[in-house]
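Each chain, letter by letter, is given below.
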Amino acid sequence: MEQAKKKVKINSAHLSYILKGVLIGAIAGVVVGAFRWLIEKSLGLWKYVFQMAHQQPLYLLAIGVVLVLIGLVIGKLVTQQPHISGSGIPEIEGQLAGKFKFNWWAILWRKFVAGVLAIGSGLFLGREGPSIQLGGAVGQGVADITEDSKRGHRVLIASGAAAGLSAAFNAPIAGTLFILEEVYHNFSPLVWMGALSASITADVVSMNVFGLETVLHVGVVPGLPLKYYWHLLILGVVLGLLGYFYQRTLLQSSVWYHKLFGRIPRTYHGLIALCLLVPVGYFFTNTLGGGNVIIIKMVQVDPLIISLFLLFVLRFVFSMVSYGSGLPRGIFLPILTLGAVIGMLYGAIALKFNLLPSKYMVDLLVFAMAGYFAGIGKAPFTAILLVTEMVGSLQHLVPLALTSLVAYIVVDLLGGAPIYESLLGRMTVKQKLHVISGKNDQVELPVFDDSRFVGQQVRDINWPANTLLIGVRRGEKTAIPNGDTLIHPGDTLVVLVDNNFSSDVRDQLQKLNRPLEDEE
């Protein structure tokens, strides 16, 4: 008896987004690779010029003039396109939430030029935020050519953003997870497959330019014995407290600029930070930049407690001055640098009191980077994987996770919110649309274990006006719901809504989806 031949059904949608992810990753890898290379060369040149100023003091005058010109150029670019200021991550998050619509080319070239000028000058800024926005712009450009659906646009923008972070740090897994955990807030198969393929491709392109050595090559990191794990609990608490302080200060930094320099247009506040860079660069030349060089050098010397404390104060204060100015910038590297300093400072104190052998100080440096980032960004999985990929060691996942979890809990208990979500919340959309457009959009809402939707039937939920639940995705299958459909944890609800109301409806659904404890 012959067996019936079974037809193999190929899921072309998945393959299509993977291939598009590869294309986006290749383009983003070139764009962000060039962006990263120019920043490194520019930073090296500025350090050389500041060092020469010690021999030729007149150089300081020339430095000041050039920095003012840079500030004016950036101010002009930001005036033309305000959304190139800042890190760009809240803009990407807003795009994926349906709150913003941008001209991708206008963002891409202006962010590239302004980012190189600002970050490459030596300010305490990181390249990762602008890299994510550059990658997102590349993804949007590809989407405009190949996609008709709003959902497809969001998937490709998310893929490009992941590729941007991957190329910036050679961290493809962390790049993918950051977009899923912190930006997209959805583990849809289409999103993670497109983001992962884009991230891997961008990483390959970047490695061909910068080599295989990890971004934060701190050498051998010995395994921390279990008897010293109690240090991680204390360190996690310290990181959480300082992380919450960082959050509050960062959110106030732009407010202080408005109060002190309100007569100067916001787009030109970068001039203040660039002028203050002159004395910082002259007296503390080796501290300039995002901080990856500082992290690597700290493990090669035995820094004094007072030196580490002063370095922390300098990096913290001038990071706020740099970030609050509104210049195109990122905060990943500055956060990791501050975390590393905190870890070394804690280690130096423990060493002074004979509570920890000196060879384990590098462990605390690595763990503190992850903990500080996890607390501030409230993205512990991304923090663990990012530091793991940047350092190049897979042997420390448990202590990394423990430190990150403790720091996260402390910030959470203090009421801290994810920093990028807070920054997005401060943005306002200038145009509010109230007219039915006749074009529909799909809003996807993941249902977590503690959601109030869990265990309810569709008919029992007070759905927002002008919405229609058209699907409940469970695993790889999507079911058409009816009033009796029971919602389970892990489901993704697919809601149809008019384009002009998608942002408001998404906010309403997220409020309905919150755990009951959030209102107590």
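As shown above, the structure is provided for reference.
Computed from a prediction, not measured in an experiment: that's the story for all the values here.

**A look at the overall build of the protein chain**
Point 1. Tallying secondary structure elements over the protein chain gives 18 helices and four strands in all.
Point 2. At 24 Å, the protein chain has a C-alpha radius of gyration in line with the 24 Å of a compact globule built from 520 residues.
Point 3. Overall, the protein chain is about 85 × 55 × 55 Å in size when its C-alpha atoms are taken along their principal axes.
Point 4. Taking all 520 residues of the protein chain together, the buried fraction comes to 56%.
Point 5. Contacts in the protein chain between residues at least 24 apart in sequence constitute 82% of all its contacts with a sequence separation of at least 6.
Point 6. Placing the 40 positive and 32 negative side-chain charges of the protein chain at their respective mean positions leaves the two points 7 Å apart.

**Considerations on the pairing of strand 2 (residues 467-474)**
Point 1. Here strand 2 pairs with strand 3 (residues 477-479) via three bridges, running antiparallel. When the sheet's bridge partners are listed, R473 is paired in strand 3 with T478.
Point 2. Between strand 2 and strand 3, which pair antiparallel and follow one another directly, the connecting turn spans two residues, one of which, G475, has a positive phi of 70 degrees.

**Comments concerning the packing of aromatic side chains**
Point 1. Tallied over the entire structure, the rule returns 14 aromatic pairs.
Point 2. Centre to centre, the rings of Y246 and F316 are 5.8 Å apart; their planes meet at 80 degrees, and the pair counts as edge-to-face. Here Y246 is found in helix 9 (residues 230-260), whereas its partner F316 is found in helix 12 (residues 305-324), with 70 residues between them in sequence.
Point 3. Among the residues examined, Y246 registers a relative accessible area of 1% and is labelled buried.
Point 4. Assessed through its relative accessible area of 8%, F316 is described here as buried.
Point 5. Grouping aromatic residues by their ring pairs yields a cluster made of F245, Y246, F312, F316 and Y372.
Point 6. Stacked on the ring of F124, the Lys or Arg R315 has its end atom at 4.0 Å from the ring centre.
Point 7. If you follow K378 out to its NZ or CZ, it ends over the ring of Y408, 5.1 Å from the centre.

**Considering the pattern of salt bridges**
Point 1. Scanning the entire structure with this criterion turns up three salt bridges.
Point 2. Among the ionic pairs, R36 bridges to E40, the shortest N-O distance being 3.7 Å. Of this pair, R36 and E40 both sit in helix 1 (residues 12-52), separated by four residues, roughly a single helical turn.
Point 3. On the basis of relative accessibility, which here comes to 37%, the residue E40 falls in the partly exposed class.
Point 4. Of the charged contacts, one joins D412 and K378 as a salt bridge, the two residues approaching to 2.4 Å between their closest N and O atoms. Of this pair, D412 sits in helix 16 (residues 397-413) while K378 is found in the loop between helix 14 (361-377) and helix 15 (380-391), placing the two residues 34 residues apart along the sequence.
Point 5. Exposure remark for D412: the relative accessible area of 40% places this residue in the partly exposed category.
Point 6. Since its relative accessible area comes to 11%, K378 is described here as buried.

Cut-offs applied
Residues numbered from 1 in each chain as written. Predicted model: local features only at pLDDT ≥ 70, side-chain atom pairs only at ≥ 80, totals over all residues. Heavy atoms only, no water. Helix = DSSP H or I, 4+ residues; strand = E, 2+ residues; numbered from the N terminus. Rg over C-alpha atoms; globule rule 2.2 N^0.38 Å. Buried < 20%, exposed > 50% of the residue type's maximum accessible area, 1.4 Å probe, protein only. Contact = heavy atoms within 4.5 Å. Lys, Arg positive; Asp, Glu negative; His and termini not counted. Charge placed at Lys NZ, Arg CZ, Asp CG, Glu CD. Pairing = 2+ DSSP bridges. Phe/Tyr/Trp six-rings, centres within 6.5 Å; stacked < 30°, edge-to-face > 60°. Lys NZ or Arg CZ within 6 Å of the ring centre and 35° of its normal. Salt bridge = Lys/Arg side-chain N within 4 Å of Asp/Glu carboxyl O.

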